[in-house]
Amino acid sequence: MTTDTGRERQRDAAGQLRHLLTLEGLTREEIVRLLDQAQGYVRRPGELPARDASLAGRTVANLFFEPSTRTRVSFELAAGRLGADVVNLEMLSSSRIKGESVLDTIYTLQAMAVDVFVLRDAEPGLPAYIARHVAPHVSVLNAGEAHLSHPTQGLLDALTIRQRLGDTAQLTVAVVGDVRHSRVARSAWQALATLGVGEFRIVGPPELMPDDGEFRGARRCPILAQGLEGADVVMALRIQRERMAEARIPDAHTYCREFGITTESLKLARPGALVMHPGPMNRGVEISGEAADGPQSAIQQQVANGVAVRMAVLATIVRHSQAQTPPATTGRTVG
Amino acid sequence: MTTDTGRERQRDAAGQLRHLLTLEGLTREEIVRLLDQAQGYVRRPGELPARDASLAGRTVANLFFEPSTRTRVSFELAAGRLGADVVNLEMLSSSRIKGESVLDTIYTLQAMAVDVFVLRDAEPGLPAYIARHVAPHVSVLNAGEAHLSHPTQGLLDALTIRQRLGDTAQLTVAVVGDVRHSRVARSAWQALATLGVGEFRIVGPPELMPDDGEFRGARRCPILAQGLEGADVVMALRIQRERMAEARIPDAHTYCREFGITTESLKLARPGALVMHPGPMNRGVEISGEAADGPQSAIQQQVANGVAVRMAVLATIVRHSQAQTPPATTGRTVG
Amino acid sequence: MTTDTGRERQRDAAGQLRHLLTLEGLTREEIVRLLDQAQGYVRRPGELPARDASLAGRTVANLFFEPSTRTRVSFELAAGRLGADVVNLEMLSSSRIKGESVLDTIYTLQAMAVDVFVLRDAEPGLPAYIARHVAPHVSVLNAGEAHLSHPTQGLLDALTIRQRLGDTAQLTVAVVGDVRHSRVARSAWQALATLGVGEFRIVGPPELMPDDGEFRGARRCPILAQGLEGADVVMALRIQRERMAEARIPDAHTYCREFGITTESLKLARPGALVMHPGPMNRGVEISGEAADGPQSAIQQQVANGVAVRMAVLATIVRHSQAQTPPATTGRTVG
C-alpha cells in the first residue's frame, strides 16, 4: 500500500468528482461549487436541519479504523438527512489487518449495495487504495487519513471563514501548533491555497514544522507573536502529549504559554480575529476556555458547517454515480 | 458539578415542561397529562406499535455514560417511532471525563442539530448541568441518574398501576429492597406522592433504608411481612451483591428468604397484588421466577409502557421546543 | 438447553413457516418459493437495491452472541430495505449468561414490540429455545448456530448455484475443508438434498469429517483430487488454525497444498466449475487469491444473494405473523 493521495484518481473519465480523497488538485471552481452547495444546507441554530432526497435508496457505510465518535455522527447525520441508509462498522486498526482483508470487507459491503464508503484511518493510503478497487458506481469519501488529508474538514474551515469574513483573497490565516502531524492543517492549506489567501502562516515549534517541501508559499513562524500579528483567522490545532516531548516542551502549561490561543495571545492578532479549532479541544492547552467560548470563536459554527459540507460532498459524488447506473432496470420494484 | 436535581430548571419561561430531569416539582396535572398521552401510545401485545410524526425532522442523541442496552433500545424505539433520527453514543464514564469535556461533546452535537439529549449516568448532576448549558430549543431527558432520579421509570410504574388497579389514591404500594441506592424507588415515590397514594411503604434492611429526610410520609418497614401486609402493589428492586454485604446479609439465598418476592411471601400481600420489577431481574434473589412470570406479574407490561411513556415525554418536550423555532425560515428546503 | 434444532417447531398450527431455525424439514416447494422470492429482490451490480414495505411498522432486533459484522450488516440492510426499524444488540456470549437471563432480554424486547429476533450464537440450541418461548406473533431467524445450522447461508448458496448453473438435479457439488465443524456445509447439504442434487461430496482430512450418521447420501472424499474430479461446484470452507492441529496438518501452507482451492487444484474440477466461499476468507489457506477473484468465482454474488435471501425470509415469516395480528385495532394511529 503506497501513500498515493488519490489526487489523480478522484475524478471519473468525464472529469467529474467521483471520490473525495484529498483537496489537492481540485479546481477553484470545484471548491466554490461545493461550498455554495454546502451553504444551501446551512440552517440557523434552532431551525430544523436541511433535508432532501439526494441519497434516497442509497446506502452509506462508515468504516472508522480510527475511532472518532463526533466525526462518525456528523457523517451519519449528513447521510441520513439526505435519505440514505447508513451502516456503521467499527473496525480494528487497518494496520493490523492485511490490505487484502480490508479489500474483502469492502467487496462484501459493495456486493450488499453499499454506494459510498466513508473511511477514516490512522495510517496513510487506505482511501486511495480502496478507490482504486471499488466498482465504477461506488464512491469513497476520506474522513481523515493519517497526517495527510481530511478534505471535508478543509472545506468546512473554508466555508466558516467565508461566512464570517467573506472572500479569503486578502486574509491572513495562522494555523498554530503541531502542523507537522496535522491533516487538518494540510487540508485547510489546500483549500485556501486554491481559493486564494492573502498569507497563510504555519506557527509552532521547529520540531513540529512540516518538511520544507510541504506548504510551499506558506510563511513559517516559530514564535507565536510573529504568527498571530495581524492575523484575521487563528486556527489552533490539537496537540498530543507525545508531540510536546518531541518539541522539548516539558508540559501542557508551558505549551499553553508558548503556543496557546488565549484572550491574552489573541491581542496580538487583528481585533476580532476569528478563532477556530477542529475539535476535540484540550482546553487549557492549545486553547483556553475563554478563547474557545468567546465572541471571536467560530468553533460551533465549524461543527454545524461540517454536516452541511458532508451533505454537499455526498450529494455531489453520489449524483455522479447515479449517472453510471443502467437506467433501464433501475427502480424496477424500488419504492 | 453540584447535585442539582434540576427541579427548578425543567420548565421554560412560560412554565411549560422543556426538560424532564426529575419528577420532583411536577404538578398532578402535568403527570396525569403525560400518563394520558402515554396511554394513547399503548397497543396490545401483537398489535403494530403506535407511530406518529411528532419528532419528524428532529434528532435525538442517546448518551449513555452508564451502559444499559435495554433502556437505550427503549428510548431508541420511542424516538424512532415518532419519526426522529436517532444517534447512539457510548460514552466513557462521565466521572473519568472533566465536566467541561462532556459539555464540548454536547455543544458539538447541538451544533449538528441534535434536539434532545437522552442522558444516563452513574454519577449525580449531569442532566441538570447539561440542561443549564444547552441552547433554548434543546431538551434534556434524564434516562437514569445515580441513585437520584429515573423519571420515565416513575411514570411507567404509575401508568402500569393505573392500568391494572385504576386510581392510586387508596392503594398501598410496597417497594422492597435497596431503597437507599434506588433511583427507581425515588422516582416511583415522587410520581405516586404527587398523584396521591393510600400508603407508600419502603421495605428493606435498615442499612439500605434512605436517610430520614427522604421519602417523607412513606412508612418504613424493616421486616418483609410488615411491608407486604395488605399491599396492593409489590415492587421488588434489583439488589447488588456489594449492597448485601453492607446490610450484613451473607448471601443471595438469605436475601431471598428475608426480602425476596416469591409466591410464598406474596401470600402476605392482598390477594392478586400486582408484582413489579424495573429489570433486569436477579431471579432467585430479589424475586423468584414464579413470582416474576406468574399471573400477578406486570413486569412485561412495565416494559411496554416504558416505550409509550418515553414517546409521550419526547413528544411533550419537543412539541415545546418547536414553538421556540423561528417560524419564517424553518423548513426552507426541508422535505 | 438441549440441542433441539427446531425442525418441528418452525411452523405454526396452519403449517406455515413462522420461524426459520433450520432448513431441515423444509419441503422442496418451500425452498423453491423462498428462492423465487429472493430472486425477485436481486438487482444487478450498480442498480439501486430492491425495496418494498413488507416490514413497514415492524421492528427487527439483531442479537449477535457471536460477533459477525458482515452478517449483522446483511440482516440490518435486508430488514431496513423492507421498511423495518432495526435495533442492534451486541451480546456477551450466551454461554456466559444463564438461559433464563437471555429469555428475560427476549421478553423485554418483545414487550417493546420487537417482531423478529435475528440470533447468532456459537453454542447450539438458542434459536429453538427462544422460538419455544416467544409470543405467537413473534418470529425467530437463525443467523448462525454453532456448527449446526445457518439456514439463510444454505439458501443463498442454493440460489447462487441456480443462477449460474440452473437446475441442481444433475450437478456434482464438492464442499471442501472442515465439514465437521461447519454450519455452512450442513445448511448447504440440507438445501441441496431437498432441492435434489446429482452428487454431494464432502472433502477433507478424516479428522474433520462429520460423524457417520450425518450427511447420509453424501460421498466422503479424504483426498482433494478425488473430491474435485468432475465437480460443477467447489465450495471452500473457512479453516481455523486449531482445526488444522486436530487434523495433524502442521501449517497453513501444507493445508493449502493438500486442500486449498487454487487455479491449480481447480483444474481437477469440471472446466468452468463454480467457486464458492461463505467468507470471510483466509486467502492463501483454504482458497488462493486467484481462485477467489477469478472468473469462476461466485463469491461476491453469494454476498449479494445473501441480502436478497434475508429479505425473502423476513417477508415470508413476518407476512405470516401479520395474519396473527388482531385486525380490528391494528394501525389505529399507525401512520
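Before going into details, it helps to say that this report is about the structure given with it. (Residues numbered from 1 in each chain as written. Chains lettered and ligands numbered in written order. Predicted model: local features only at pLDDT ≥ 70, side-chain atom pairs only at ≥ 80, totals over all residues.)

### Overview of the overall build of chain A
- Scanning chain A from terminus to terminus reveals twelve helices and nine strands.
- Against the globule reference of 20 Å for 335 residues, chain A gives a C-alpha radius of gyration of 20 Å, in line with a compact fold.
- Dimensions along the principal axes, computed over C-alpha positions, put chain A at roughly 65 × 45 × 35 Å.
- With 335 residues in all, chain A has 56% of them scored as buried.
- In chain A, the share of contacts with a sequence separation of at least 24, taken over all contacts with a separation of at least 6, comes to 78%. (Helix = DSSP H or I, 4+ residues; strand = E, 2+ residues; numbered from the N terminus. Rg over C-alpha atoms; globule rule 2.2 N^0.38 Å. Buried ≥ 20, exposed ≤ 12 C-beta atoms within 10 Å, placed from the backbone. Contact = placed C-beta atoms within 7 Å.)

### With respect to the interface of chain B and chain C
- Each partner contributes residues to the interface: chain B has 26 residues there, and chain C has 24 residues.
- Sorting the residues of the side of chain B that touches chain C by element identifies α2 (69-81) and α12 (299-324) of chain B as the ones contributing at least two each.
- Per element, the largest residue contribution to the side of chain B that touches chain C is seven residues, and it comes from α2(B).
- Residue composition of the side of chain B that touches chain C, grouped by class: twelve nonpolar, seven polar and seven charged. (Nonpolar A, V, L, I, M, F, W, Y, C, P; charged D, E, K, R; others polar.)

### Considerations on the sheet that holds strand β1 (residues 59-64) of chain C
Residue and element names in this part refer to chain C.
- Here we have four strands laid out as an open sheet, ordered β2-β1-β3-β4, and parallel in their pairing. Edge positions in the open sheet fall to β2 (85-90) and β4 (139-145), since each of these has one partner strand only. Adjacent strand axes in the sheet meet at a mean angle of 15 degrees, parallel and antiparallel pairs treated alike.
- Sheet contacts for helix α4 (residues 126-133): β3 (116-121) and β4; angle to β4, the most-contacted strand, approximately 170 degrees. (Pairing = 2+ DSSP bridges. Axes fitted to C-alpha atoms, helices over the stretch in contact; angles between N-to-C directions.)

### Quick look at the relation of the copies chain A and chain B
- Superposition record for chain A on chain B: RMSD 0.0 Å, screw rotation 120 degrees, translation along axis 0.0 Å. Such a turn and shift between the copies fits a three-fold axis. Every residue of chain A has its C-alpha some distance from the rotation axis, and the shortest such distance is that of N88(A), at 6.3 Å. (Least-squares fit on C-alpha atoms with pLDDT ≥ 70 in both.)

### Focus on the packing of helix α1 (residues 28-41) of chain C against helix α5 (residues 151-165) of chain C
Residue and element names in this part refer to chain C.
- Contact pair α1 / α5: the axes reach a minimum separation of 10 Å and the direction vectors enclose 70 degrees. In this view, α1 runs roughly perpendicular relative to α5, as classed from their interaxial angle. For the pair formed by α1 and α5, the contact residues are L34, L35, A38 and Q39 on the first element and L155, A158, L159 and R162 on the second.
- In terms of residue class, the contact of α1 with α5 is made up of six nonpolar, one polar and one charged. (Parallel < 35°, antiparallel > 145°, perpendicular 65-115°, else oblique.)

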